[in-house]
Amino acid sequence: MVFCFSPINGSIFSLCGCTVLLLFLLSCSCFTSTEAYDALDPNGNITIKWDIMSWTPDGYVAVVTMYNFQQYRHIQSPGWSLQWTWAKKEVIWSMMGGQTTEQGDCSRFKGSVPHCCKKDPTIVDLMPGTPYNQQIANCCKGGVLNSWVQDPANAASSFQVSVGSAGTSNKTVRLPKNFTLKAPGPGYTCGPAKVVKSSRFVTQDGRRVTQALMTWNVTCTYSQFLSQRTPTCCVSLSSFYNETIVPCPTCTCGCQNNNTLPGSCVDEDTPHLASVVSGSGKNSYTPLVQCTKHMCPIRVHWHVKLSYKEYWRVKVTITNFNYRMNYSQWNLVVQHPNFDNVTQIFSFNHKPLTPYASINDTAMLWGLKYYNDLLMQAGPLGNVQSELLFQKDKSTFTFEKGWAFPRRIYFNGDNCVMPPPDSYPWLPNTTSRTSTSLLTLMMVLLSALLLLNAHV
């Protein structure tokens with residue numbers, strides 16, 4: 001405990017300064033920073049590779065490929081868009097496997113008109129079912145880019161671009177700049193293009209190797225804070241040994257504000273619910289959530305279900321409160337020390353994540369294909385669930401002090417807000433714990449300081 005004393009008479013002074021300091025420290029403890037670095041996926045990124053395959057009279061033909069090297073973060077429908085700024089006055093004559101969203105002003109061209117003349121073109125993927133003569137390998141998935149662990153075969157997306165009014169050799173080509181990747185909204189920050197060793201390609205028969213004439217890479221990293229200023233999911237807890245159900249913290253992702261901001265959420269008992277949802281801007285990326293105390297689009301519930309002699313069992317339920325989103329290819333990342341001894345996981349796929357080889361306490365869970373890999377929008381079908389069976393390690397296992405609950409949970413790569421540790425369900429025979437919150441202790445301290453100052 002820190003007190004402020006006057007150097008003249010030893011009395012307590014600068015009470016306001018102390019109060020401000022204490023409140024500042026308290027506020028710092030209430031927020032967590034979300035940076036581009038992810039401790040559970042320290043090398044995760046999206047790498048954009050440009051391979052110049054041939055030169056043309058006024059430019060080159062390149063194949064651009066995006067590789068998703070993130071273990072559990074993916075891009076779902078409506079898909080990615082990629083933008084850059086040309087270094088000179090380049091134009092795009094033609095494309096395969098992708099297209100620009102705007103053609104721009106091509107009035108300076110007579111005869112053949114380029115596909116795009118914009119200084120800063122925006123590229124999107126083509127949709128499934130595109131004619132074969134407009135496709136290349138790894139294209140035409142509607143912009144969907146799966147994660148490296150969940151579906152490595154679909155963790156890349158490519159398009160071909162024919163560039164004109166550009167350099168025609170390695171020395172005269174100028175690299176594009178100001179890359180922006182949206183998925184489909186903000187969140188990714190891309191670095192500058194860097195020339196790297198030319199890519200090599202092996203023919204199908206494996207008897208010949210060719211290489212690109214020139215290659216450069218762009219690396220993009222994700223930040224949850226840039227993607228959305230408020231959290232997108234929260235965690236609730238319960239157990240068989242305590243009747244307490246710990247809900248998501250109130251106002252985790254926002255507060256109900258239908259009085260001053262109508263339409264901020266939808267009551268599930270609203271008459272004509274379907275018409276309300278369909279008429280509220282369904283193409284918007286902003287979630288339209290069911291009215292709850294936490295106001296989060298996603299809630300993950302962890303229930304400690306049973307305890308056997310050698311094992312213990314957990315039920316996990318993911319509920320979608322977002323009326324605007326079906327989550328395809330969803331995934332969950334859970335950190336708990338007993339994942340080094342997981343015995344069976346029912347109705348979910350499972351893979352350990354070991355960013356630090358000696359520590360095996362993190363697992364990635366996702367749905368079974370064609371069974372529960374699609375988390376439907378808010379409503380009766382808007383949930384998926386599974387049960388996890390762990391083997392007890394006598395040296396570490398305990399139900400005391402919240403040990404049975406996860407340390408951290410991510411949904412689709414976004415960190416979910418956990419309840420405060422002092423609210424976790426405790427064993428009934430555990431020594432009575434202090435229910436006074438940190439804020440209450442601070443208020444008691446401030447009151448004591450005020451009383452002491454008044455009598456000095």
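Keep in mind that what you see is a predicted model, and the values were worked out from it rather than measured. (Residues numbered from 1 in each chain as written. Predicted model: local features only at pLDDT ≥ 70, side-chain atom pairs only at ≥ 80, totals over all residues. Heavy atoms only, no water.)

1. A look at the overall build of the protein
Working step 1: Each helix and strand counted, the protein has 4 helices and 28 strands in total.
Working step 2: Taken over 456 residues, the protein has a buried fraction of 43%.
Working step 3: Across the protein, contacts joining residues at least 24 apart in sequence account for 70% of those joining residues at least 6 apart. (Helix = DSSP H or I, 4+ residues; strand = E, 2+ residues; numbered from the N terminus. Buried < 20%, exposed > 50% of the residue type's maximum accessible area, 1.4 Å probe, protein only. Contact = heavy atoms within 4.5 Å.)

2. Some thoughts on the pattern of salt bridges
Working step 1: All told, the structure shown has 5 salt bridges when counted by the stated rule.
Working step 2: In this structure, the salt-bridge partner of Lys305 is Glu387, at a minimum N-O distance of 2.5 Å. One end of the pair, Lys305, is in strand E18 (residues 298-307); the other, Glu387, is in strand E26 (residues 383-391), and 82 residues separate them in sequence.
Working step 3: Here Glu387 falls in the buried class, since its relative accessible area comes to 14%.
Working step 4: Arg313 serves as the salt-bridge partner of Glu387, at 2.4 Å between the closest nitrogen and oxygen. Here Glu387 is found in strand E26, whereas its partner Arg313 is found in strand E19 (residues 311-320), with 74 residues between them in sequence.
Working step 5: Linked by salt bridges that have partners in common, Lys305, Arg313 and Glu387 make up one network. (Salt bridge = Lys/Arg side-chain N within 4 Å of Asp/Glu carboxyl O.)

3. Focus: the state of the cysteines
Every disulfide links exactly two cysteines, by a covalent bond between their sulfur atoms.
Working step 1: Across all of its chains, the model carries 8 disulfides by this definition.
Working step 2: Sulfur-sulfur distance for the disulfide between Cys251 and Cys255 comes to 2.0 Å. Residues Cys251 and Cys255 are joined by a disulfide whose S-S torsion is about 130°; by sign, that bridge is right-handed.
Working step 3: Each disulfide pairs two cysteine sulfurs, and for Cys265 the partner residue is Cys291, the sulfurs being separated by 2.0 Å. Between Cys265 and Cys291 the disulfide shows an S-S torsion of about 90°. By sign, it is right-handed. Placement of the pair is Cys265 in strand E16 (residues 265-266) and Cys291 in the loop between strand E17 (289-290) and E18, with a sequence separation of 26 residues. The pair Cys265 / Cys291 is uniform in exposure class, with both members buried. (Disulfide = S-S within 2.5 Å.)

4. Looking at a nonpolar patch on the surface
Working step 1: A contiguous nonpolar surface patch, about 330 Å² in accessible area, is contributed by Tyr37, Tyr356 and Ile359.
Working step 2: Looking at the element boundaries, Tyr356 is found in the loop between strand E23 (348-353) and strand E24 (362-367). (Patch = residues over 30% accessible without salt bridge, like charges linked within 9 Å, V, L, I, M, F, W, Y side chains within 5 Å. Areas by Shrake-Rupley, 256 points an atom, 1.4 Å probe, with all protein chains shown as cover.)

5. Focus: unusual backbone geometry
Working step 1: With omega at 15°, the peptide bond leading from Ser77 into Pro78 counts as cis.
Working step 2: Among the secondary structure elements, Pro78 is positioned in the loop between strand E2 (59-68) and strand E3 (81-85).
Working step 3: Geometrically, the link from Ala183 to Pro184 is a cis peptide bond, its omega value of -10° lying close to zero.
Working step 4: Tracing the backbone shows Pro184 in the loop between strand E8 (177-182) and strand E9 (188-190).
Working step 5: Located in the positive-phi region is Met295, a residue other than glycine, with phi close to 60°.
Working step 6: Mapped onto the fold, Met295 is located in the loop between E17 and E18.
Working step 7: With a relative accessible area of 7%, Met295 lands in the buried category.
Working step 8: Not every positive phi belongs to a glycine, and Tyr370 is a case in point at roughly 65°.
Working step 9: Under the relative-accessibility criterion, Tyr370 is labelled exposed at 74%.

6. Considerations on the nonpolar core
Working step 1: Judged by nonpolar contacts, the single largest core of 37 residues is most densely connected at Trp302, Trp312, Trp330, Leu332 and Phe411.
Working step 2: Looking at this core, the elements that each hand over two or more residues are strand E14 (233-239), E18, E19, strand E21 (331-335), E24, E26 and strand E27 (408-411).
Working step 3: Core analysis: the second largest hydrophobic core is formed by 33 residues, Val64, Met95, Leu145 and Phe179 among them. (Core = buried A, V, L, I, M, F, W, Y, C linked by side-chain atoms within 4.5 Å.)

7. Comments concerning the sheet that holds E21
Working step 1: Ordered by their spatial adjacency, 5 strands build an open sheet running E23-E24-E21-E27-E28, and the pairing between neighbours is antiparallel. The open sheet has two edge strands with one neighbour each: E23 and strand E28 (414-415).
Working step 2: Bridging between E21 and E24 involves 5 bridges; their strand directions are antiparallel. Across the sheet, the residue bridging to Val334 is Ala363, located in E24. (Pairing = 2+ DSSP bridges.)

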